[in-house]
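Here's the letter readout for the chains.
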Amino acid sequence: MQILSTNLIILSFFTIFCFRFLHADSPPLSIDYYKSSCPNAEAIVRKEMECAVLSDLRNAALILRLHFHDCFVQGCDGSVLLDDTFTLQGEKNAPTNLNALKGFEIIDRIKNKLESECPNTVSCADVLTYAARDATVLVGGPYWDVPAGRKDSKTASFSLVESNIPDANDGLLSIIAKFMYQSLSVTDMVALSGAHTIGMARCTNYRDRIYGDYQTTATMGNIAESHLKTLKATCPAAGGGDDNEAAMDYVTPNLFDNSYYHILLRGEGLLNSDQELYSSILGVETRKLVKRYAEDVIAFFEQFSESMVKLGNITNPETYVDGEVRKNCRFVNT
């Protein structure tokens with residue numbers, strides 16, 4: 001029987017989820033949004049990000065992950081930055097986010113600088129979006145213009161974290177569905193997954209992979225054998241060490257390049273969800289994209305930039321009715 005193409009699978013998911021696509025309309029964002037109200041906004045963000053990344057290159061990945069987790073829950077509205085209070089349950093302690101999200105203090109520092117320069121003007125959602133772009137550039141990745149004008153939400157969603165954020169052990173169809181729910185295409189999905197060329201994963205997220213089909217998908221040469229041995233030493237099969245970390249791109253872990261895709265071609269993706277892009281029998285389209293980005297870093301950079309703009313354009317419509325510009329990104333204004 002002929003294998004269904006990924007395009008047909010996508011069509012079926014579109015039929016299921018299209019009524020939920022609230023993000024498709026162009027949001028009221030613009031490149032020069034702060035030109036008059038806070039002309040130095042982007043420069044302030046960039047300077048603080050330079051300090052953060054120079055102090056620790058891993059900070060770049062932390063900010064990119066924060067931005068992604070923000071946008072996939074209620075849209076890019078800064079909800080991921082909210083702390084729990086007596087009247088609000090935030091997203092930070094949802095199982096998917098707990099111990100996985102860091103870098104909040106970097107956003108706090110940027111926001112404090114902006115409040116000194118332009119009080120009550122630049123939203124936390126825009127701060128995080130600018131910071132994600134600058135984080136990428138500072139470790140060798142592409143630059144893109146960031147449309148701004150997002151408002152901060154007064155709410156968060158603990159439950160949507162678990163349903164919306166792709167899981168490290170998700171199969172390809174589940175990953176596609178979660179991206180399509182956000183009006184992001186398969187091309188966007190494969191390009192945005194390339195952000196895993198920097199950053200770390202926790203043992204709890206890759207244990208199943210390294211004790212599962214890793215040796216089946218990987219071309220087990222000396223380097224792969226040695227790397228797998230190291231992974232198993234820090235992530236025991238029997239449990240323990242859940243928060244021990246390993247680089248998702250063990251070749252150039254702090255450089256934003258296309259090494260991640262070369263790792264997938266060798267079958268050595270650290271997360272099941274990553275390797276699915278290349279090894280799944282349903283990955284007809286995704287496999288082609290992985291090969292393309294492995295062969296052409298410029299094509300990857302161009303698509304990543306375009307897809308990051310699309311990601312940043314996932315807005316929360318409610319924030320344009322009842323949103324705000326938070327003074328402190330951790331708390332709703334009082």
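Residues numbered from 1 in each chain as written. Predicted model: local features only at pLDDT ≥ 70, side-chain atom pairs only at ≥ 80, totals over all residues. Heavy atoms only, no water.

### As for the overall build of the protein
A tally of regular secondary structure across the protein gives 16 helices and two strands. Whereas a compact globule of 334 residues would reach a radius of gyration of roughly 20 Å, the protein reaches 20 Å, a difference of no more than 12%. Dimensions along the principal axes, computed over C-alpha positions, put the protein at roughly 55 × 45 × 40 Å. Split into buried and exposed, the 334 residues of the protein put 53% on the buried side. Taking as baseline every contact in the protein between residues at least 6 positions apart, the subset at least 24 positions apart corresponds to 78%. If you sum the accessible surface of the protein, you get close to 14700 Å²; carbon and sulfur atoms cover 54% of it. The centroid of the 30 positive side-chain charges in the protein is displaced by 2 Å from the centroid of its 42 negative side-chain charges. (Helix = DSSP H or I, 4+ residues; strand = E, 2+ residues; numbered from the N terminus. Rg over C-alpha atoms; globule rule 2.2 N^0.38 Å. Buried < 20%, exposed > 50% of the residue type's maximum accessible area, 1.4 Å probe, protein only. Contact = heavy atoms within 4.5 Å. Areas by Shrake-Rupley, 256 points an atom, 1.4 Å probe, with all protein chains shown as cover. Lys, Arg positive; Asp, Glu negative; His and termini not counted. Charge placed at Lys NZ, Arg CZ, Asp CG, Glu CD.)

### Digging into the pattern of salt bridges
Applying the stated rule across the entire model yields 16 salt bridges. Notably, a salt bridge pairs R133 with D134, separated by 2.7 Å at the nearest N-O pair. For R133, a relative accessible area of 0% puts it in the buried group. Between R207 and D242 there is a salt bridge, with its nearest N and O atoms 2.9 Å apart. With R207 in helix α9 (residues 203–210) and D242 in the loop between α11 (222–234) and β2 (245–247), this pair connects stretches of sequence that are 35 residues apart. Accessibility expressed as a relative area gives 14% for R207, which makes it buried. Linked through salt bridges whose partners overlap, the residues forming this network are D83, K92, D108 and R330. (Salt bridge = Lys/Arg side-chain N within 4 Å of Asp/Glu carboxyl O.)

### Concerning the state of the cysteines
The final tally for this structure, using the stated rule, is four disulfides. What pairs with C38 in a disulfide is C118, and their sulfur atoms sit 2.1 Å apart. Residues C38 and C118 are joined by a disulfide whose S-S torsion is about 75°; by sign, that bridge is right-handed. In this pair, C38 is assigned in the loop between α1 (6–17) and α2 (41–55) and C118 in the loop between α4 (104–117) and α5 (124–138), connecting sequence segments 80 residues apart. Looking at C118, the relative accessible area reads 6%, which means it is buried. Across the disulfide from C71 sits C76; the S-S distance is 2.0 Å. An S-S torsion of about 115° defines the bridge between C71 and C76 as right-handed. Counting only the cysteines that take part in disulfides, in the order they occur along the protein, gives the pairing 1-4, 2-3, 5-8, 6-7. In this model C51 remains outside any disulfide bridge; the closest cysteine sulfur is found in C38, 17 Å from its own. (Disulfide = S-S within 2.5 Å.)

### Notes on the side chain of T197
Among the secondary structure elements, T197 is positioned in the loop between α8 (186–193) and β1 (200–202). Side-chain polar atoms of T197 contact the side chain of D249, separated by 3.0 Å. A polar contact of 2.8 Å, which involves the side chain of T197, links it to the side chain of D257. Those residues in contact with T197, other than ones at most four positions away along the chain, are D249, T252, P253, L255, F256, D257, S259 and Y260. (Polar contact = N/O pair within 3.5 Å; in protein donor to acceptor, adjacent residues only side chain to side chain.)

### Digging into the nonpolar core
Ranked by size, the top nonpolar core spans 73 residues in total, and within it M49, I63, I107, L114, M189 and L311 carry the most contacts. Contact partners of M189, with chain neighbours within four places excluded, come to L172, I175, I176, F179, L277 and T286. Core analysis: the next-biggest nonpolar cluster, separate from the first, contains 14 residues, A168, C203, L231 and L271 among them. (Core = buried A, V, L, I, M, F, W, Y, C linked by side-chain atoms within 4.5 Å.)

### Notes on α5
Here α5 is 15 residues long and its end C-alpha atoms lie 21 Å apart, about the 21 Å a rise of 1.5 Å per residue gives. G140 occupies a position one or two residues after α5 and carries a positive phi of about 100°. (Expected span 1.5 Å × (residues − 1).)

### Description of α4
Under the 1.5 Å per step criterion, the end-to-end length of α4 is 20 Å for 14 residues, consistent within 8% with the ideal 20 Å. Residues of α4 that are buried: F104, I106, I107, D108, I110, K111, L114 and E115.

### Some words on the UniProt feature "binding site: substrate" (unreviewed entry) in the protein
As annotated in UniProt, the feature "binding site: substrate" (unreviewed entry) corresponds to P166 in the numbering used here. Within the secondary structure, P166 is located in the loop between α6 (158–164) and α7 (172–181). Each residue touching P166, except ones within four places of it in the same chain, is listed here: F68, F72, K178 and F179. (UniProt positions renumbered as here; feature names shortened; annotations may be inferred.)

### A word on the packing of aromatic side chains
This model, assessed by the stated rule, comprises 14 aromatic pairs. Through a chain of ring-to-ring contacts, the aromatic side chains of W144, F256, Y260, Y261, Y293, F300, F301 and F304 assemble into a single cluster. (Phe/Tyr/Trp six-rings, centres within 6.5 Å; stacked < 30°, edge-to-face > 60°.)

### Things to note about the environment of G240
Within the fold, G240 resides in the loop between α11 and β2. Taking the relative accessible area as the measure of exposure, G240 reaches 39% and is therefore partly exposed. Discounting chain neighbours no more than four positions away, the residues touching G240 are C203 and R207.

### Here's the deal with the packing of helix α3 (residues 59–71) against α5
Their axes nearest at 8 Å, the elements α3 and α5 cross at an angle of 140°. Classified by the angle their axes make, α3 and α5 are oblique. Once α3 is placed against α5, the crossing between them reads as left-handed. Contacts from A60, I63, L64, L66, H67 and D70 in α3 reach L128, T129, A131, A132, A135 and T136 in α5. Along the lines of polarity and charge, the residues of the contact of α3 with α5 split into eight nonpolar, three polar and one charged. (Axes fitted to C-alpha atoms, helices over the stretch in contact; angles between N-to-C directions. Parallel < 35°, antiparallel > 145°, perpendicular 65-115°, else oblique. Left-handed = near helix turned anticlockwise from the far one by under 90°. Nonpolar A, V, L, I, M, F, W, Y, C, P; charged D, E, K, R; others polar.)

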